[in-house]
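Read off the chains here:
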Amino acid sequence: MQRRLSRGIGRAGVMLAGAVAIAGCGGPKQGFGRSSTEGASGANPASGGSGAAPPTANAGAAGMSADSDLVGLRRAAAKAGKLIGAAVDARALREDPSYAEILAREFDYVTPENATKWEELAPTSGEYAWSDADSVVEFAEAHQQAVKGHTLVWHRQNPTWLQASMTPDEVRAALKGHISHTLQHYRGRMRAWDVVNEAVDLESPSGYTESLFWEKLGPGYIEDAFRWAREADPDVLLFYNEVGVERIGPKADFVFEMLRDLLARGVPIDGIGLQSHVSIHRYPAESNLRANIRRFAELGLRVNISELDARTLLLPGEREGRWEAQRLAFQQVVGVCATEPGCEGVTLWGFADEYSWINDEGEPDDALIFDRGYAAKPAYDGVLDGLSGVLPVVGENVIENGDFGRGVEGWAVAGGEVSVGAAEGREGTQICLRGRGSETDGLTQDLRERLASGGPFAFSGRVRIQGASHAPVTASLHVEVEGTEPEELQLGIIEAPEGTWVELAGCFGLGFTASPMAIELMLQGPPAGVDLCVAQAAIGALSAP
Ligand code: G3I
């Protein structure tokens with residue numbers, strides 16, 4: 001569906017009648033390329049890092065406007081030493097003056113949303129169509145914005161001439177040629193490139209996205225792509241970009257191990273993009289996102305929140321409440337990045353609801369920070385506050401006896417022999433379940449009287465396992481509402497190493513238009529025979545400070 005370029009009234013928010021939806025939740029100075037002295041993590045992109053900008057720094061660097069000329073998000077980002085970016089729709093940039101005006105005013109880092117993808121650059125084999133991508137790069141250079149190319153290798157939006165009938169050598173030659181040709185065309189004009197995008201898919205037997213590249217070239221294509229990119233441009237930053245890894249969990253863990261292995265083998269990877277396509281009822285808790293950013297930064301990688309948007313229509317409720325919850329989601333994710341040295345900055349996956357990719361993928365949503373009339377939404381203020389390092393606060397704990405100071409009072413034990421005692425290796429009390437007969441054996445608490453529709457809420461728990469080297473622990477809500485199917489949605493999941501207290505955390509929103517028959521918190525997950533201990537469980541309402 002072609003996106004409408006008129007600024008017509010968008011569709012009214014679609015109310016989900018009777019549905020329950022829950023899930024888990026907290027200027028540039030020129031962007032410079034790599035420089036030998038610039039540290040990988042902690043480098044301040046706005047200052048161009050510690051080293052002088054290499055000759056390949058983004059051409060716009062020379063015309064950098066002073067911070068005092070900046071306003072809005074761009075000014076807040078410059079003060080925070082972070083990048084604030086947006087994915088750019090080349091057609092809207094060309095044809096919609098309001099779009100271009102906001103892009104220039106508010107952002108210092110642009111990513112062509114589609115224009116630098118293979119199908120757009122080379123729809124015909126052997127011929128390159130640079131004009132749309134060039135227009136985005138030229139706009140950026142004219143407005144002292146850095147540019148991230150997106151994306152050289154992906155299983156989607158490849159040219160139709162790239163066929164499964166090609167031999168492995170033909171695919172290898174085509175891919176290497178594309179990477180080399182594209183990076184050489186933009187040499188010195190791009191701060192960074194998403195080299196490989198979404199190469200991991202835990203649903204597949206191998207754990208990798210079994211794309212044409214994977215099938216023809218094996219997992220080694222990932223390493224090859226980064227080495228070919230480095231050969232083509234020794235200065236540009238090379239990123240791996242992934243969806244669904246902003247929260248610690250099995251996929252983020254897989255990507256972490258994959259990147260650690262690649263880096264250990266000397267593969268030239270400078271950074272990771274945590275895409276962060278979130279919803280007002282599914283975004284990372286502050287502590288979880290911090291820990292996730294830190295562990296990638298400790299690998300020496302620059303971390304970007306690379307594709308942030310926050311759906312609001314998967315929860316029923318009035319627009320005002322949904323948009324306030326959206327504000328908090330943006331504030332939390334942006335605020336964590338702004339206060340984590342390893343996070344370089346945030347790129348929103350668009351900025352105007354009218355042009356969100358989500359509108360073309362089924363049910364439209366209002367996932368961005370400017371409404372369909374280009375008015376700033378509360379989410380804009382969320383980004384602004386986040387860039388200023390102001391994060392949402394969590395209200396009082398609604399869980400009864402969440403610290404187990406009164407033993408198992410208020411809790412139900414679903415399987416296993418329960419013991420209460422001093423928490424091993426930490427303050428406070430622990431509840432342990434031994435002799436568990438299945439992964440669903442755990443602790444539950446009825447929250448029907450303690451949680452109502454709305455939110456967002458932040459969940460946090462301290463858990464430990466014994467009896468296996470590691471095991472998954474999950475927190476979830478079992479919700480039953482008259483007239484709808486029961487739902488059990490995950491608030492958080494963590495692969496806990498034996499004998500170590502770990503935090504299980506996530507944010508969520510509740511939305512139902514009939515009174516719930518059950519809202520039950522469940523802490524469970526390790527397989528039968530593995531002991532599960534819990535030292536703390538808390539749910540608090542998130543609000544602006
Ligand atoms: O360019 C053609 C146009 O010629 C044709 O008339 C039209 C017919 O519908 O399609 C146009 O192509 C569309 C393309 O965007 C350019 O507008 C495709 O149909 C459409 O599927 C494609 O959607 C893009 C999507 O990636 C494709 O996978 C979205 O705009 C883009 O925002 C989205 O971005 C991805 C990131 O690259 C990676 N992370 C996930 C993110 C969201 O899916």
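Residues numbered from 1 in each chain as written. Predicted model: local features only at pLDDT ≥ 70, side-chain atom pairs only at ≥ 80, totals over all residues. Heavy atoms only, no water.

Remarks on the overall build of the protein
Selection rule: Helix numbers and strand numbers start at the N terminus; a helix is a DSSP run of H or I with at least 4 residues, a strand a run of E with at least 2. To measure how exposed things are, a 1.4 Å probe is used in the Shrake-Rupley method; for residues, cover is taken only from the protein chains shown.
Summing up its helical and strand segments, the protein has 12 helices and 20 strands in all. Roughly 19,700 Å² of accessible area belongs to the protein as shown, and the carbon and sulfur atoms make up 50% of that amount.

Looking at helix 3 (residues 97–106)
Note that an α-helix has 3.6 residues per turn; residues three or four places apart therefore point the same way. To keep things clear, this is the line we draw: Accessible area is worked out with a 1.4 Å probe on protein chains only. A residue is then buried under 20% of its type maximum, exposed over 50%, and partly exposed in between. In protein, a polar contact requires one atom able to donate a hydrogen and another able to accept it; more generally it is a pair of N or O atoms within 3.5 Å, and residues adjacent in sequence count only if both atoms are side-chain atoms.
For helix 3, the buried fraction is high: 7 of the 10 residues fall into the buried class. Restricting attention to buried positions, one finds in helix 3 the residues S98, Y99, A100, I102, L103, A104 and E106. Here helix 3 starts with a cap whose side-chain oxygen sits 3.0 Å from the backbone nitrogen of S98, and that cap is D96.

Some remarks on the state of the cysteines
Put simply, the test is: Cysteine sulfurs are considered disulfide-paired once they come within 2.5 Å of each other.
Under the criterion given, the structure shown has 2 disulfides. Here C337 is linked by a disulfide to C343, with a sulfur-sulfur distance of 2.0 Å. The sign of the S-S torsion, about -90 degrees, decides the handedness of the disulfide formed by C337 and C343: left-handed. Per residue, the accessibility class of C337 equals that of C343, and both read buried. C432 shares a disulfide with C533; S-S distance 2.0 Å. Taking the sign of the S-S torsion, about 110 degrees here, the bridge from C432 to C533 comes out right-handed. Here C432, found in strand 13 (residues 429–434), pairs with C533, found in strand 20 (residues 531–543); they are 101 residues apart in sequence, far enough to count as distant. Each of the two residues, C432 as well as C533, counts as buried.

Topic: the packing of aromatic side chains
What describes a pair of aromatic rings is the distance from one ring centre to the other and the angle between the planes of the rings. Keep this limit in mind: Stacked, tilted and edge-to-face are the three classes applied to pairs of Phe, Tyr and Trp rings, where Trp contributes its six-membered ring and a pair requires centres within 6.5 Å; stacked means planes under 30 degrees apart, edge-to-face means over 60, and tilted covers the rest. To sit over a ring, a charge needs its Lys NZ or Arg CZ within 6 Å of the ring centre and within 35 degrees of the ring normal.
This model, assessed by the stated rule, comprises 15 aromatic pairs. Centroid distance F351 to F370: 6.2 Å. Interplanar angle 85 degrees. Geometry classified as edge-to-face. Of this pair, F351 sits in the loop between strand 9 (343–348) and helix 12 (378–387) while F370 sits in the loop between strand 9 and helix 12, and the two are 19 residues apart along the sequence. Comparing F351 with F370, the two get one shared label, buried. Cluster of aromatic residues (ring-pair linked, three or more members): Y99, F107, F351, Y355, F370 and Y380. Sitting over the ring of W323, K377 keeps its end group 4.5 Å from the ring centre.

Some details on the layout of surface pockets
Worth spelling out the cut-off: Within this scheme a cavity is a closed region of a 1 Å grid, computed over the protein atoms alone, that accommodates a 1.4 Å probe without allowing it to escape, whereas a pocket is open but has protein on both sides within 12 Å along at least five of seven lines; lining residues each have an atom within 4 Å of a point. Grid points are joined across faces, edges and corners, and a volume is the space filled by probe spheres set on the points. For this classification, the nonpolar set comprises Ala, Val, Leu, Ile, Met, Phe, Trp, Tyr, Cys and Pro, the charged set comprises Asp, Glu, Lys and Arg, and every other residue, Gly included, is treated as polar.
The calculated volume of the largest pocket comes to roughly 1,200 Å³. Around the largest pocket, the lining comprises 49 residues; the ones closest to its centre are W154, H277, W349, W357 and E361. Listing elements by their share of the lining of the largest pocket, those giving two or more residues are helix 2 (90–95), helix 4 (118–121), helix 9 (250–264), strand 7 (277–279), strand 8 (302–311) and strand 17 (487–497). Class assignment of the residues belonging to the lining of the largest pocket gives a composition of 17 nonpolar, 13 polar and 19 charged.

Thoughts on the confidence of the model for the protein
Definition in use: Confidence of the predictor at the level of single residues is given by pLDDT, which spans 0 to 100. The contact definition used throughout considers only heavy atoms, calling two residues in contact when any of these lie within 4.5 Å.
The predicted model of the protein has a mean per-residue pLDDT of 88, with 88% of residues at 70 or higher. Counting interchain partners and residues more than four positions distant, the pLDDT-below-50 stretch residues 26–32 has 46 contacts. For residues 46–64, every residue scores under 50 in pLDDT, and the model assigns this stretch 50 contacts once sequence neighbours within four places are set aside.

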